[in-house]
Amino acid sequence: MTPLLSVKNIEKRYGARIGCTGVNFDLFPGEVMGIVGESGSGKSTLLNCLAGHLAPDQGSVTYDRTSTGPVDTVTMAEAERRMLSRTEWAFVHQNPRDGLRMGVSAGGNVGERLMAVGARHYGNIRETSTDWLGRVEIADSRIDDRPSAFSGGMQQRLQIARNLVTGPRLVFMDEPTGGLDVSVQARLLDLLRGLVREMGLSAIIVTHDLAVVRLLADRLMVMKDGNVIEQGLTDQVLDDPQAAYTQLLVSSVLQV
Amino acid sequence: MSDYNFAYLDEQTKRMIRRALLKALAIPGYQVPFASREMPMPYGWGTGGVQVSAATLTPEDTFKVIDQGADDTTNAISIRKFFEKTANVGTSEKTEEATIIQTRHRIPETELQEGQILVYQVPIPEPLRFLEPRETETRRMHALEDYGLMHVKLYEDIARHGAIATAYAYPVMVQDRYVMDPSPIPKFDNPKMEMAAIQLFGAGREQRIYALPPYTKVVSLDFEDHPFDPSKAEHPCALCGAEDSYLDEVITDDQGTRMYVCSDTDYCESRRATGHIGTEGTQPEEVFA
Ligand SMILES: Nc1ncnc2c1ncn2[C@@H]1O[C@H](COP(=O)(O)OP(=O)(O)OP(=O)(O)O)[C@@H](O)[C@H]1O
Ligand SMILES: [Mg+2]
Ligand SMILES: [Zn+2]
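Residues numbered from 1 in each chain as written. Chains lettered and ligands numbered in written order. Predicted model: local features only at pLDDT ≥ 70, side-chain atom pairs only at ≥ 80, totals over all residues. Heavy atoms only, no water.

**Q** Can you help me understand the coordination of the zinc ion (ligand 3) in this one?
**A** Between any two of four tetrahedral donors, the ideal angle at the metal is 109.5 degrees; between two of six octahedral donors, it is 90 or 180 degrees. All names here are of chain B. Protein-derived coordination of the zinc ion (ligand 3) comes from Cys237 (SG), Cys240 (SG), Cys262 (SG) and Cys268 (SG), at a distance range of 2.2 to 2.3 Å. Classification of the site at the zinc ion (ligand 3) rests on its four donor atoms, whose angles at the metal span 105 to 119°, yielding the label tetrahedral. Read from N- to C-terminus, the donor residues coordinating the zinc ion (ligand 3) fall into the pattern C-x2-C-x21-C-x5-C. Taken together, the residues Cys240 in the loop between strand S10 (218-220) and strand S11 (247-251) and Cys268 in helix H6 (residues 265-273) connect sequence positions 28 residues apart. An identical accessibility class is assigned to Cys240 and Cys268; each is buried. (Donors = N, O, S within 2.8 Å, 3.2 Å for Na, K, Ca; no water. Tetrahedral: all angles 85-135°; square planar, octahedral: opposite > 155°, others 65-115°. Helix = DSSP H or I, 4+ residues; strand = E, 2+ residues; numbered from the N terminus. Buried < 20%, exposed > 50% of the residue type's maximum accessible area, 1.4 Å probe, protein only.)

See below:
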């Protein structure tokens, strides 16, 4: 089977400092990959390199595009990369403010991606927005409210709806449950899990939280100091960690 | 200082502006940066348009200036006088006689012809500005034709007001490529932008020039189920009876009596001169008697 995403030898430096280095993995269609590691270990750097937000200094990221087959997203033209990121990809930010337009209504936020790819029928856009708000458990009656009037959990759900409305195949998430209350987190995780299964999404999820990984990720990568020190099936890594650092991490001795 | 260079600006500055104009004409709807000069008038007075006119005028030209359709506002008169003095060009209030027309907020009702140039004064050239304040980002959006946000604005209008509420500076798509701000003309004028004349846009404070060559495709943005509506007035002009022109509401006495008259004063007078008289109208000779 062709991997959906094939990552080879990715490195990103900030001057002399290493962001991440020597990262290799394949993600297959329908798979969810978790990335864990302590603060500063390079998780966000890696994710941003994969999603085309940062240009890596080395390596390739090959994506199996629906229309053309595998393409290197590092060397492709920015216009093409942007097109991918509003059609086949999605990116959920930790802080909903980074992923939402705070001055635009909830319906407009969800509708933006539809309009960006050419939807020009107001009634249909609104219907699809309404439908998606429902799927992330936001009442229809809030469709014309701005996200600034929403709670943190609602904002995060809105961000998810806005990202998934165009039916992407690959979702990048950076700490999607970070900064939320524990009970709100649980509900959001449940929702995410349902959507991932239902839509057959592939995803790469960066998180501090091993519970998130247990619930969502098929496979797991552990990062430290910019390197991937261990990767494998989630249950294997968590139940039988090989690297000493992972053993500490799993035994909760380390607060990540 | 009384010895100006022709049309006030020095030749080097005019060449720089002409280069920007040529580039703008080559890429319709694309905003070309230019080094805007200080002009002997405040920015709000259309210094962008004045610089474009200065770089475009030749001694043979006939120059007309309108401000919201009228030739006789302070603003229009002073710009006209400025070029009478600095370029010694002929001026006219007749649309069909003018070779260069500088305008603020209107397109003349009389259809413009090949060989004529319409120069717009532009306050804010960037149509995405109110949606995305970062200049680097709006430039990238234009470069990548990333215009979803433009329709988000129209979507928000409909969601809030039931219809697209934008009445001025209604955004257009130029030649299927660039989204452009037509300057604060009423949307009534948008359909006229597909015309035989050359259209040049100058934004002084923002230092941008853009242009439409003759017969460029200009489409007002809309939705299939909320199509663009230039919204014609319900009344004819009270003075000349025109039913196809853009009207201003005028209060005629201190009882608040209203009347609707052409905003294009030349058009209205020309019609009355040829015998088209509205309910409140008189022949222009009598008006001026
Ligand atoms: N813009 C930047 N400029 C310089 N150094 C940076 C920059 N962004 C990240 N770094 C450095 O790169 C390394 C990896 O940072 P990164 O943000 O990827 O870590 P992270 O695993 O996402 O951390 P966290 O869990 O705190 O979000 C760190 O040493 C960090 O200080
Ligand atoms: Mg991070
Ligand atoms: Zn009239």
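**Q** I tried to follow the interface of chain B and chain A on my own but got confused; where do I start?
**A** Facing the 22 residues of chain B at the interface are 22 residues of chain A. Contact between chain B and chain A buries roughly 1,800 Å² in total, counting both sides, with carbon and sulfur atoms accounting for 56%. Viewed at the interface, chain A and chain B are joined by four salt bridges. A salt bridge links Arg82 of chain A to Glu137 of chain B; its shortest N-O distance comes to 3.2 Å. Where chain B meets chain A, there are eleven residue pairs in polar contact (both at pLDDT 80 or more). Of all the secondary structure elements, the ones that give two or more residues to the side of chain B that touches chain A are helix H4 (135-143) and helix H5 (148-161) of chain B. Among the elements that line the side of chain B that touches chain A, the one with the most residues is H5 of chain B, at nine residues. Across the side of chain B that touches chain A, the residue classes break down as nine nonpolar, three polar and ten charged. (Contact = heavy atoms within 4.5 Å. Buried area = accessible area lost by both parts, 1.4 Å probe. Salt bridge = Lys/Arg side-chain N within 4 Å of Asp/Glu carboxyl O. Polar contact = N/O pair within 3.5 Å; in protein donor to acceptor, adjacent residues only side chain to side chain. Nonpolar A, V, L, I, M, F, W, Y, C, P; charged D, E, K, R; others polar.)

**Q** Sorry, what's going on with the sheet that holds strand S6 (residues 172-174) of chain B here?
**A** Pairing between sheet strands relies on hydrogen bonds along the backbone, with the strands arranged either parallel or antiparallel. Residue and element names in this part refer to chain B. The sheet built from three strands is open, its strands ordered S7-S6-S10 with antiparallel pairing. The open sheet has two free edges, formed respectively by strand S7 (178-180) and S10, since each of these has just one partner strand. Each strand of the sheet is rotated relative to its neighbour by a mean of 30°, with strand direction disregarded. Inspection of the sheet shows S6 paired to S7 by three bridges, in the antiparallel sense. Bridge pairing in S7 places Val172 opposite Met180. (Pairing = 2+ DSSP bridges. Axes fitted to C-alpha atoms, helices over the stretch in contact; angles between N-to-C directions.)

**Q** Would you take a moment to explain the side chain of Asp146 of chain B for this structure?
**A** Along the chain, Asp146 of chain B turns up in the loop between H4 and H5. Of the polar contacts made by the side chain of Asp146 of chain B, one reaches the side chain of Arg86 of chain A; its length is 2.9 Å. Setting aside residues no more than four positions away along its own chain, Asp146 of chain B makes contact with Arg82 and Arg86 of chain A together with Met141 of chain B.

**Q** Help me understand the nonpolar core, please; the structure alone is not making it clear to me.
**A** Soluble globular proteins: nonpolar side chains tend toward being buried together. Formed by 65 residues in total, the largest nonpolar core has its most connected members in Leu158, Ile160 and Val171 of chain A together with Phe223 of chain B. Phe223 of chain B has contacts with Met115, Arg120, His121, Tyr122 and Ile125 of chain A together with His151, Leu154, Tyr155 and Ile158 of chain B, leaving out every residue within four places of it along the chain. (Core = buried A, V, L, I, M, F, W, Y, C linked by side-chain atoms within 4.5 Å.)

**Q** Looking at this model, I keep getting lost on the UniProt feature "domain: ABC transporter" (unreviewed entry) in chain A. Mind explaining?
**A** On the UniProt side, "domain: ABC transporter" (unreviewed entry) is annotated at positions that read residues 5-250 of chain A here. Measuring from the first to the last C-alpha atom of residues 5-250 of chain A gives 27 Å, for a span that is 40% helix and 27% strand. (UniProt positions renumbered as here; feature names shortened; annotations may be inferred.)

**Q** Explain the site of ligand 1 here, please?
**A** Residues and elements named next belong to chain A. Residues in close proximity to ligand 1 include Tyr14, Arg17, Gly19, Glu38, Ser39, Gly40, Ser41, Gly42, Lys43, Ser44, Thr45 and His208, which together make up its full environment. Between ligand 1 and Ser44 there is a distance of 2.8 Å, counted from an oxygen atom to a side-chain nitrogen or oxygen. Take Thr45: an N or O atom from its side chain is 2.5 Å from an oxygen atom of ligand 1. Considering ligand 1 on its own, with 640 Å² of exposed area, one finds that the protein chains cover 61% of that surface. If one sorts the elements of the shell around ligand 1 by residue count, helix H1 (residues 43-50) sits on top with three residues. Within the shell around ligand 1, the residues separate by chemical class into one nonpolar, eight polar and three charged. (Near = heavy atom within 4 Å. Areas by Shrake-Rupley, 256 points an atom, 1.4 Å probe, with all protein chains shown as cover.)

**Q** Any chance you could explain unusual backbone geometry here in plain terms?
**A** Of all residues except glycine, most have a negative phi; of all peptide bonds, most are trans. The residue Asp225 of chain A is not glycine, and still its phi comes out positive at about 50°. You can see Asp225 of chain A is positioned in the loop between strand S9 (219-224) and strand S10 (227-233). In this model, Ala7 of chain B sits at a positive phi of 60°, which is unusual for a non-glycine residue. Given the relative accessible area of 0%, Ala7 of chain B is considered buried.

**Q** Explanation requested: the pattern of salt bridges in the structure shown.
**A** As a working rule, side chains carrying opposite charge can pair if their charged atoms are close by. By the definition in use, this model includes 36 salt bridges over all chains. Residues Arg140 of chain B and Glu78 of chain A are paired through a salt bridge, measuring 3.7 Å at the closest nitrogen-oxygen approach. Placement of Arg140 of chain B in helix H4 and of Glu78 of chain A in helix H2 (residues 78-87) is noted, with the two residues assigned to different chains. For Arg140 of chain B, a relative accessible area of 34% puts it in the partly exposed group. Of the residues examined, Glu78 of chain A reaches a relative accessible area of 36% and is grouped as partly exposed. Note that Glu132 of chain B is salt-bridged to Arg134 of chain B, the shortest N-O span being 2.8 Å.

**Q** Explain the side chain of Glu112 of chain A here, please?
**A** Here Glu112 of chain A lies in helix H4 (residues 106-116). Residue Glu112 of chain A is classed as buried on the basis of its relative accessible area of 11%. With residues near it in sequence (within four places) discarded, Glu112 of chain A still touches Arg101 and Arg162 of chain A together with Leu149 and Val152 of chain B.

**Q** What is the right way to look at the pairing of S10 of chain A in this model?
**A** Looking along a regular strand, one sees the side chains alternate between the two faces of the sheet. Residue and element names in this part refer to chain A. Pairing geometry for S9 and S10, over six bridges, is antiparallel. Each bridged residue has a counterpart across the sheet, and for Lys224 the counterpart in S10 is Asn227. Between S9 and S10, which pair antiparallel one after the other, the connecting turn spans two residues, and Asp225 there sits at a positive phi close to 50°.

**Q** Just checking my understanding: could you explain the packing of aromatic side chains for this structure?
**A** Evaluation of the coordinates by the stated rule reveals 13 aromatic pairs over all chains. Relative to Phe83 of chain B, the ring of Phe63 of chain B lies with its centre 5.1 Å away and its plane at 75°, an arrangement referred to as edge-to-face. With Phe63 of chain B in strand S2 (residues 62-67) and Phe83 of chain B in helix H3 (residues 74-86), this pair connects stretches of sequence that are 20 residues apart. Taken as a pair, Phe63 of chain B and Phe83 of chain B share a single burial class, namely buried. Put simply, the rings of Tyr63, Trp89, Phe91 and Phe172 of chain A touch in pairs and so form one group of aromatic residues. (Phe/Tyr/Trp six-rings, centres within 6.5 Å; stacked < 30°, edge-to-face > 60°.)

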